[in-house]
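Here is how the chains run, residue by residue.
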Amino acid sequence: MTTTTDVPKDDTQPVDPQQLASPVERAALASSGYEAIYSPEERIRSIIVPNFPALGRLTAARFLEWVRENPEGVVSLPTGKTPEYFIKYVQHYLRTWDQADTAEELTTLGLEHGRKPDLAGLRFVQIDEFYPIDSKQHNSFYYYVNKYYLKGFGIARDRALLIDPLEIGLAPGTDLTEVFPDLTVDLSLRIRRARSLVEKRQQEVLRAVDDFCTDYERHIRELGGIGFFLGGIGPDGHIGFNIRGADLFSTTRLLDPNYETKAAAASDLGGMEVARHKSVITIGLATISYNPNVVAIVCAAGEAKAKIVARTIQSPAANRFPGSALSLLPNARFYLTAGAANLLTNRLYVDLQNRAEVSETDIHRIVMDLSLATRKPIAKLARADFLEDRFAAELLQKTQRPAGELQRLTEKRVLENLRRGHAPVENKTLLHTAPHHDDIILAYLPYVTNAVRRRSTRHCFAYMTSGFNAVTNGFMYAAVVDLQQRLKSDKFRARFGPDFFAVDNVLARRADTSHYFQGVARHHDELKQEAAAQRLLRNLIELYEDDNLDNIQQRLAELANYFNTQYPGKKDIPLVQQLKGRMREWESDLKWAYYGFTGETVRHLRLGFYKGDIFTEQPTVDRDILPIRDLLLEIAPQIVTVAFDPEGSGPDTHYKVLQAVSHALKMYEEQTGNTDIQVLGYRNVWFRFHPAEANLYVPSSSTHMNDLEACFDTCFATQRTASFPSYEYDGPFSRLARKIQAKQFEQIRTMLGEDFFVYNEDHGLRAACGMVYLREMSTAEFYTKSAELKQVAEAR
C-alpha cells in the first residue's frame with residue numbers, strides 16, 4: 001500500500017517581487033501593482049492579470065520557462081475551457097519562436113529569448129477522468145489530453161501516464177457496456193457481496209480500477225512526483241476531482257463526486273441525467289504535493305470564481321477547501337484575472353487606498369456593504385460603525401465628508417433606484433434580446449409583466465442563438481418516438497390540411513400554441529403532447545423540405561436511432577442541431593403566447609457563431625451583426641435589453657451576444673442618427689449585480705414569483721428536469737431565480753429597514769418579497785462598458 005510523505009511546512013511569508021525565483025512571475029507581479037501575498041489573511045501567493053488572454057500568456061510563459069530548465073520533467077496539465085489560451089499561446093510561441101515580435105513579447109513577459117524549449121522529452125501525467133466512459137469519446141479527458149497535449153505539444157505517447165478506462169480491468173475485446181450496461185458504477189461493491197453474476201463482474205473490474213489507482217500513484221512517485229502542475233478550480237473548490245472534504249493526504253483514487261462537481265460537468269457529459277451517475281478517477285492532493293518543490297499553479301478567470309478563490313486563498317489548509325492544501329507548498333501560486341480576484345479583500349483595500357478620488361458608486365458600494373454586514377438600515381449606521389470597518393474608515397478619510405452625509409447620499413440612491421424600478425413603462429417600444437431562450441424570464445420577468453400590461457408599449461423578443469446545447473438526446477428520443485406513434489394514427493394525420501405545414505402559414509403556427517394552451521387550461525397532458533408533436537412535425541417538414549408523412553416516418557426512424565446511439569455530450573450533426581434548436585424556439589413561442597404575444601413578436605436569429613465547439617468562434621459582421629442591425633431598423637426601439645454579465649472565463653455566449661448587440665446598435669445609430677436609446681442590462685442565474693451596480697430595483701411579489709415558476713414549468717419542457725443546472729441549486733432554474741430575487745429583496749429591506757415595506761402606502765411595495773436588479777444605460781455608457789469587457793475578454 002502506498003503512503004504519503006509529510007506535508008511541507010507552511011512557507012507563506014510576504015515577499016518582494018525580486019524574491020520570486022521565476023523571472024516570468026517577477027515580471028507579472030511587478031505589472032500587477034500588488035504584492036504576491038497579503039498576510040495573515042492570504043495564505044497562497046497570487047498573481048493578478050487584467051484579462052483571460054493575459055492569463056493564457058502568463059501560464060504559457062511560465063510553463064515554457066520551467067520546461068527549458070526541466071526538459072525531461074514531469075508535467076500535469078488541465079482539461080476543459082480554462083486552458084484555452086494557455087494551449088494557444090504555448091503553440092503560438094513555439095511555432096513563431098524565431099520571429100522578432102515573439103522574442104519581444106516573451107522578453108516583456110520575463111522569458112529571455114534564448115534556447116527554444118523542447119517539449120518532446122517531458123513526461124505527462126493525466127490529472128483525472130470520468131468513470132466509466134469510453135475514452136474514444138470526444139468528451140473524455142483521455143481524448144482531450146491526447147489531442148491538445150500529446151499531439152498538440154509534441155509530447156511522446158510512451159512518456160505519458162494516462163487514464164484509459166478501456167484498458168483497466170477489461171478482458172481483450174470486452175466493451176465497457178458489457179460490464180456496466182448503463183455506464184454507471186455502484187461503489188458499494190467495494191465493501192459488500194455481489195448479488196448477481198453481473199455485479200460479480202463489476203466488482204472484479206472495480207477492484208482492478210482500485211489496483212490501477214495504486215499503481216498510477218506508485219508510477220508518479222517513482223518519477224519523483226509532479227514537477228509542474230497546472231489546474232483549474234471547481235465551484236466547490238476542487239482541484240482535479242479532489243472535491244470539498246478531500247483529505248489533504250489523499251492519493252490517486254476512484255470516487256463519487258459531489259453535486260456541484262457533477263453540475264459543472266453536466267455540459268461535458270450531455271446532461272445531469274448522465275453526470276449524476278458518473279464516478280471519477282483523480283490524482284490526490286498528496287499526489288500533487290509529493291514533490292515538495294512542485295510548481296503548482298491554479299488558474300481562475302471570471303467573477304463566477306471569485307468567491308471560491310477568496311475562500312481558498314484565505315483559508316488555512318483544510319479539507320473544506322481542497323485548494324488550500326497548496327498553501328503548504330512554497331512554489332504554489334494562483335494566477336487570477338481581475339474578476340476572479342475581486343473578493344480578495346486586502347487587494348480591494350489596496351485599490352481603494354490607491355485611488356486619487358472615490359466615485360459615487362464607490363461610496364454607495366461601501367456604505368451598502370457596511371449596512372449589510374452590520375444588518376443595520378443605512379439611516380441607523382453610526383460613525384463608530386464606519387470607524388470599525390477599514391473600507392468605511394478609509395472612505396471617511398478620502399472624502400473628508402461626515403458619515404451622516406454619506407449615509408443620506410446612499411439611502412437617497414436606493415430610494416431613487418426603487419422608485420424608478422417601480423414606475424410604469426409607458427409609450428415605449430422595447431426590443432428584448434437574449435442569448436438563450438430562458439434568459440429573459442429568469443432575469444427580469446417582473447419588469448416585463450409590468451410593461452406588457454400597458455397598451456401603449458410595444459414589444460419584440462429576439463433570441464440570438466438556437467440554444468441546441470441545452471436539449472438532451474434523451475428528450476429528443478422521447479419526442480421522436482411519440483411522433484412516430486402518432487403518425488400511425490389516421491385521426492392524427494387527418495388534422496392537417498394541404499397548406500397546414502406551409503412555411504409561410506403563420507396562422508397555422510399560431511394554432512400550435514393555441515392547441516397547447518387548451519391543454520394547459522384543462523390540465524390535459526395529452527392535448528399538450530399532441531400540440532408539441534404537431535410542432536415537431538412542422539419542424540421536420542421544414543428542415544427536410546418534404547411534406548410526405550410516410551417519408552417523415554422514415555426520417556423519424558433514422559432520428560430515433562441517432563438519439564438512441566449517440567453518446568451524450570457528442571457534438572451533433574448540423575441538422576440535429578437545427579432540430580434541437582427549434583425545440584427551444586417552440587418553448588419561447590409558448591412562453592410569449594402565455595402572455596398573448598405571437599407571430600412576428602418573437603424572433604429567432606440563430607446567429608452562426610454558436611456551433612457547439614469547446615473553443616468557439618467570435619461573431620462576424622455579415623453573419624452575426626447585420627441581422628441584429630436589420631432588426632433594429634425594423635423595430636426602431638427606444639429601449640433595448642441585453643444580458644450584461646461581468647467578466648467570464650473568456651469569450652462565452654453571453655459575452656459574444658453582448659458584443660454583437662453593441663456593434664449592431666452602433667451601426668443602427670450611424671445609419672439613422674437616432675441616439676436616444678436606453679439600454680437595459682440584466683443578469684440571470686449565472687451572475688448577480690451588486691446593488692451599487694444596478695440603478696433600477698424592480699419589486700417582485702409572490703404573484704410574480706409564482707407566475708415565473710408556472711410559466712417556466714408550463715413552457716420549458718426541455719429544462720423542466722434541469723439537465724444542465726447551476727451548481728448552486730439542484731433543481732430547475734426558475735426555483736433558483738426565485739431564491740435570487742428573494743435574497744436581493746432581503747438586501748434592500750436591510751438597507752431601508754423592514755418598516756419601509758410593511759407600512760408603505762404603495763400596495764405594490766407592500767406586496768414585494770423579491771427584487772430584480774437592472775442597470776439602465778445610455779448607448780454611450782453601454783459602448784464604454786462593452787469595450788471594457790472586450791478588453792477583458794479578448795485583449796492580446
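As shown above, the structure is provided for reference.
Just so it is clear, the structure is predicted and the values come from calculations on it, not from any experiment.

Asks: Please clarify how the overall build of the protein should be interpreted in this entry.
Replies: Of regular secondary structure, the protein possesses 30 helices and 17 strands. A compact globule built from 796 residues should have a C-alpha radius of gyration of about 28 Å, and the protein, at 28 Å, falls within 12% of that. Sorting the 796 residues of the protein into buried and exposed places 58% on the buried side. Accessible surface, the protein as shown: approximately 33200 Å² in total, 48% of it carbon and sulfur. One way to put it: in the protein the 95 positive side-chain charges average out to a point 2 Å from where the 103 negative ones average out.

Asks: What am I meant to see in the environment of T620 here?
Replies: For T620, the location among the structural elements is in the loop between β13 (602-604) and α24 (621-635). Taking relative accessible area as the criterion, T620 reaches 34% and is therefore assigned partly exposed. Note: C-alpha distance between T620 and H432 (188 residues apart in sequence) is 21 Å.

Asks: Would you mind going over the side chain of R683 with me for this structure?
Replies: Summarising the element assignment, R683 is placed in the loop between β15 (678-682) and β16 (696-701). At a separation of 3.2 Å, a polar atom in the side chain of R683 contacts the main-chain carbonyl oxygen of R688. A distance of 3.5 Å separates the side chain of R683 from the side chain of E693, its partner in a polar contact.

Asks: What should I look at first to understand helix α25 (residues 653-672) in this one?
Replies: The first and last C-alpha atoms of α25 sit 28 Å apart over 20 residues, in line with the 28 Å expected at 1.5 Å per residue. The buried fraction of α25 amounts to 15 of the 20 residues, a majority that puts the element mostly inside the structure.

Asks: What should I look at first to understand the nonpolar core in this one?
Replies: As a rule of thumb, soluble globular proteins bury nonpolar side chains together. Grouped together as the largest cluster of nonpolar side chains are 63 residues, with contacts concentrated most on F386, I628, L665, Y697, I748 and F782. When residues of this core are assigned to their parent elements, the largest contribution, 8 residues, is made by α25. Apart from residues no more than four positions distant in its own chain, L665 is found in contact with L632, V640, I677, V679, F782 and Y783.

Asks: Mind showing me how you'd approach the sheet that holds strand β10 (residues 332-337) here?
Replies: Within a sheet, neighbouring strands are paired by backbone hydrogen bonds and run either parallel or antiparallel to one another. The 7 strands are arranged β1-β10-β9-β6-β2-β3-β5 in an open sheet whose pairing can be described as parallel. In this open sheet, the two strands that pair with only one neighbour each are β1 (45-49) and β5 (160-161). Helix α11 (residues 306-313) rests against β1, β9 (295-300) and β10 of the sheet, and its axis sits at about 155° to β10.

The rules behind the values
Residues numbered from 1 in each chain as written. Predicted model: local features only at pLDDT ≥ 70, side-chain atom pairs only at ≥ 80, totals over all residues. Heavy atoms only, no water. Helix = DSSP H or I, 4+ residues; strand = E, 2+ residues; numbered from the N terminus. Rg over C-alpha atoms; globule rule 2.2 N^0.38 Å. Buried < 20%, exposed > 50% of the residue type's maximum accessible area, 1.4 Å probe, protein only. Areas by Shrake-Rupley, 256 points an atom, 1.4 Å probe, with all protein chains shown as cover. Lys, Arg positive; Asp, Glu negative; His and termini not counted. Charge placed at Lys NZ, Arg CZ, Asp CG, Glu CD. Polar contact = N/O pair within 3.5 Å; in protein donor to acceptor, adjacent residues only side chain to side chain. Expected span 1.5 Å × (residues − 1). Core = buried A, V, L, I, M, F, W, Y, C linked by side-chain atoms within 4.5 Å. Contact = heavy atoms within 4.5 Å. Pairing = 2+ DSSP bridges. Axes fitted to C-alpha atoms, helices over the stretch in contact; angles between N-to-C directions.

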